[in-house]
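# Coordinates in review
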Amino acid sequence: MPDQMSSDEKFDLITRNLQEVLGEEKIKQVLQERELKVYWGTATTGKPHVAYFVPMSKIADFLKAGCEVTILFADLHAYLDNMKAPWELLELRVKYYEQVIKAMLESIGVSLDKLKFVKGTDFQLSREYTLDVYRLSSMVTEHDAKKAGAEVVKQVEHPLLSGLLYPGLQALDEEHLKVDAQFGGVDQRKIFTLAEKYLPSLGYAKRAHLMNPMVPGLTGGKMSSSEEESKIDLLDSKEDVKKKLKKAFCEPGNIQNNGVLSFVKYVLLPLRGEFCIKRDAKWGGDKVYTVFEEVEKDFAEETIHPGDLKASVETALNLLLEPIRKKFESPELRKLTNKAYPDPSKTKGGKAGGKAGGGENDEVLPHRMDIRVGKVVSVEKHPDAETLYLEKIDVGEAEPRTVVSGLVAYVSQEELQDRMVLVLCNLKPQKMRGIESQAMLLCASIEGEPRRVEPLDPPEGSSPGEQVFVEGYESGKADEKLNPKKKVWEKLQVGSVTFSQETWCLSLFDFKCFFPQVDLKISDECVAQWKEKRLMTKLGQITCKTLKGGNIS
């Protein structure tokens, strides 16, 4: 119980599993005098996913340590961040977030009586707060505001003024919520340091800041609401959980960027105090762990197989999700979910592609492409075709995909081996000289003598399986398979022209020379674009080395 804990014990519980703490001495000083007041804010944008259990488990720690905890549903921030939440949906999304966050806390045994829930617009539109916004804006430079929001606010080529306001408002929340400390992810560090720099200039106290590490998603990068393949939704069925975990990045012995392993560290072990690896007796039988370092050590030494780790996490995760699923079976909450997150394919002007393959009137938009970062793990000559390579490419799935590409004349085997590339993963598989190609390795090309071809390059630091999107089309869902009869891929490349599938099969690049108007191409800055909008991952833009103005195929 909190009243039986010393201030040092409370501090240890408050700060365990955090990546960084700013203002440790301030926290210790407060704990010697009274209970610490902490707030955690969440912008009500995309649907919360299982990574939200990470802050929830820390909130449980805060409450065990006797802290007074406020949860802020930052609806105004959701709108300011490039309008990730449309104004007309703000109220509905706040209600959804409140219901789902409360369901998460209940599923991990946290009493809601000790928590205070606040909606941003309940105090951020007041006269006092508005005057503080103006006062702060007269001090903060455009450079500092942009820098502070660089890892949190959506980055676009022509940023709106609203995104520059976002960091300052988050800083002011600390004063207007009357807290001692703010808790968030380490991606918010620059906002926290902005608050520490400028709040004293307004005559307000400098607060402490508690930072969680960013937990890798299923594809190895950050788990994101806008990146479907990287996350498990809180309302996903057991079947969906199994399917997504099966595809999750989890190389044998690799403890870096392993989202499955990180979930054990930051959620399952802190919440339950133990984690059980379930496996057949011939592989050592079940084993219970109480210390994460032992789990990590056994996985690194390959004593724990990725399949057993995934299956054990699946069991534990479903136990957490089941009470949430049951709560949202009620007609009221189902209706709320559908209203807060309407299906884009059923909304006028929506961007979703709907069912795989699309209907007769489906718009041909770039979110329908499933383009991922891949790593070439092996490359050899096709046994029956001198101009073709046979590659194995890791795209973040359980097994690498077999890809046949016509690159022999343009790229050496040594250049391709272990190279990070871009792969189109939802074309219909087809045999090329007797071997089925399960995806397409995307390249830039320029016609002429000699013809030049270069594989596209993902941003530095990319991992296999990371999703690629076109600016402005982040929220749509890729088709399960691009319907070859509708020529979706071909239309995305060159507009609405049509031609036989045999042309594409026999010539991966050459058909482009027949059509002067190409939508998918390389800019004069060597950036991959679709209709002049950049192809991106969460780490930055897709490029090629030298082929300015080239076509992409």
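If you check an unreviewed UniProt entry, the protein appears there as Tyrosine--tRNA ligase from Cynoglossus semilaevis. The heading Catalytic activity (unreviewed entry) in the UniProt record of the protein holds the text "tRNA(Tyr) + L-tyrosine + ATP = L-tyrosyl-tRNA(Tyr) + AMP + diphosphate + H(+)".

## Some remarks on the sheet that holds strand β1 (residues 20-22)
Sheet strands line up and pair through hydrogen bonds in the backbone, either parallel or antiparallel. An order of β1-β6-β5-β2-β3-β4 is seen for the six strands of this open sheet, with the pairing classed as mixed. The sheet terminates laterally at β1 and β4 (115-119), the two strands that pair on one side only. Neighbour-to-neighbour, the strand axes of the sheet open up by a mean angle of 20°, direction not taken into account. Two strands pair when backbone bridges link them, and strand β5 (residues 181-185) and strand β6 (residues 208-212) are joined in this way by five bridges, in the parallel orientation. Following the sheet pairing, Gly185 is matched in β6 by Asn212. Lying on the sheet, helix α9 (residues 189-198) is in contact with β1, β5 and β6; it crosses β6 at an angle near 180°.

## Remarks on the nonpolar core
The biggest cluster of nonpolar side chains holds 76 residues, and the ones touching the most others in it are Phe53, Ile59, Ile101, Leu210 and Leu309. Examining the composition of this core, we find that nine residues originate from one element, helix α11 (residues 259-272), more than from any other. Of the domains in this structure, domain 1 (7-212) and domain 2 (238-340) are the two that each give at least three residues to this core. Leaving out residues up to four positions away in the same chain, Ile59 has contacts with Trp40, Val69, Ile71, Leu105 and Leu115.

## Focus: the pattern of salt bridges
For the structure on display, the rule yields 26 salt bridges. We note a salt bridge from Lys242 to Glu314, for which the minimum N-O separation is 3.1 Å. Taken together, the residues Lys242 in helix α10 (residues 238-247) and Glu314 in helix α13 (residues 306-327) connect sequence positions 72 residues apart. Its relative accessible area of 47% is what places Lys242 among the partly exposed residues.

## With respect to unusual backbone geometry
Cis geometry marks the peptide bond from Glu449 to Pro450, where omega comes out at 0°. Within the element layout of this structure, Pro450 appears in the loop between β16 (443-446) and β17 (452-455). Here the phi dihedral of Lys178 falls at roughly 55°; this positive angle occurs in a residue that is not glycine. Locating Lys178 in the fold gives a position in the loop between α8 (161-176) and β5. In this structure, Lys531 takes a positive phi of about 50° despite not being glycine.

## A look at the environment of Gln417
Mapped onto the elements, Gln417 comes out in the loop between α15 (413-416) and β12 (420-424). We classify Gln417 as partly exposed; its relative accessible area is 30%. Taking the C-alpha atoms as reference points, Gln417 and Val377, 40 residues apart in sequence, are found 6.3 Å from one another. Setting aside residues up to four positions removed in sequence, Gln417 forms contacts with Val376, Val377, Ser378 and Val379. Here the side chain of Gln417 touches Val377 through a polar contact of 2.9 Å, landing on its backbone oxygen. Polar contacts involving the side chain of Gln417 include one to the side chain of Asp418, which spans 3.3 Å.

## Topic: the packing of α11 against α13
Running from N to C, α11 and α13 cross one another at 45°; their axes reach a closest spacing of 11 Å. Judged by the angle between their axes, α11 and α13 are oblique. The way α11 lies across α13 gives a crossing that is left-handed. For the pair formed by α11 and α13, the contact residues are Val260, Leu261, Phe263, Val264, Val267, Leu268, Leu271 and Arg272 on the first element and Leu309, Lys310, Val313, Ala316, Leu317 and Leu320 on the second. Classifying every residue of the contact of α11 with α13 by side-chain character gives twelve nonpolar, no polar and two charged.

## Notes on α8
Taking 1.5 Å per residue as the helical rise, α8 with its 16 residues ought to reach 22 Å, and the 23 Å between its terminal C-alpha atoms agrees with that figure. Remark: the principal bend of α8, roughly 25°, maps to Pro167. Burial analysis of α8 places twelve of its 16 residues in the buried class, which makes it a mostly covered element. Taken together, the buried positions of α8 are occupied by Ser162, Gly163, Tyr166, Pro167, Gly168, Leu169, Gln170, Ala171, Leu172, Asp173, Glu174 and Glu175. Remark: Lys178 follows α8 within two positions and exhibits a positive phi of approximately 55°.

## Describing the pairing of strand β9 (residues 371-381)
Pairing geometry for β9 and β12, over five bridges, is antiparallel. Pairing of Arg372 across the sheet is with Val423, part of β12. Strand direction decides the pairing type here: β9 and strand β18 (residues 467-470), joined by two bridges, are antiparallel. Following the sheet pairing, Ile371 is matched in β18 by Val468. In terms of strand pairing, β9 meets strand β10 (residues 389-394) through six bridges, oriented antiparallel. Following the sheet pairing, Val379 is matched in β10 by Glu391.

Thresholds applied
- Residues numbered from 1 in each chain as written.
- Predicted model: local features only at pLDDT ≥ 70, side-chain atom pairs only at ≥ 80, totals over all residues.
- Heavy atoms only, no water.
- UniProt positions renumbered as here; feature names shortened; annotations may be inferred.
- Pairing = 2+ DSSP bridges.
- Helix = DSSP H or I, 4+ residues; strand = E, 2+ residues; numbered from the N terminus.
- Axes fitted to C-alpha atoms, helices over the stretch in contact; angles between N-to-C directions.
- Contact = heavy atoms within 4.5 Å.
- Core = buried A, V, L, I, M, F, W, Y, C linked by side-chain atoms within 4.5 Å.
- Buried < 20%, exposed > 50% of the residue type's maximum accessible area, 1.4 Å probe, protein only.
- Domains from an automatic or database assignment.
- Salt bridge = Lys/Arg side-chain N within 4 Å of Asp/Glu carboxyl O.
- Polar contact = N/O pair within 3.5 Å; in protein donor to acceptor, adjacent residues only side chain to side chain.
- Parallel < 35°, antiparallel > 145°, perpendicular 65-115°, else oblique.
- Left-handed = near helix turned anticlockwise from the far one by under 90°.
- Nonpolar A, V, L, I, M, F, W, Y, C, P; charged D, E, K, R; others polar.
- Expected span 1.5 Å × (residues − 1).
- Bend = angle between axes of the 7 residues up to and from the residue.

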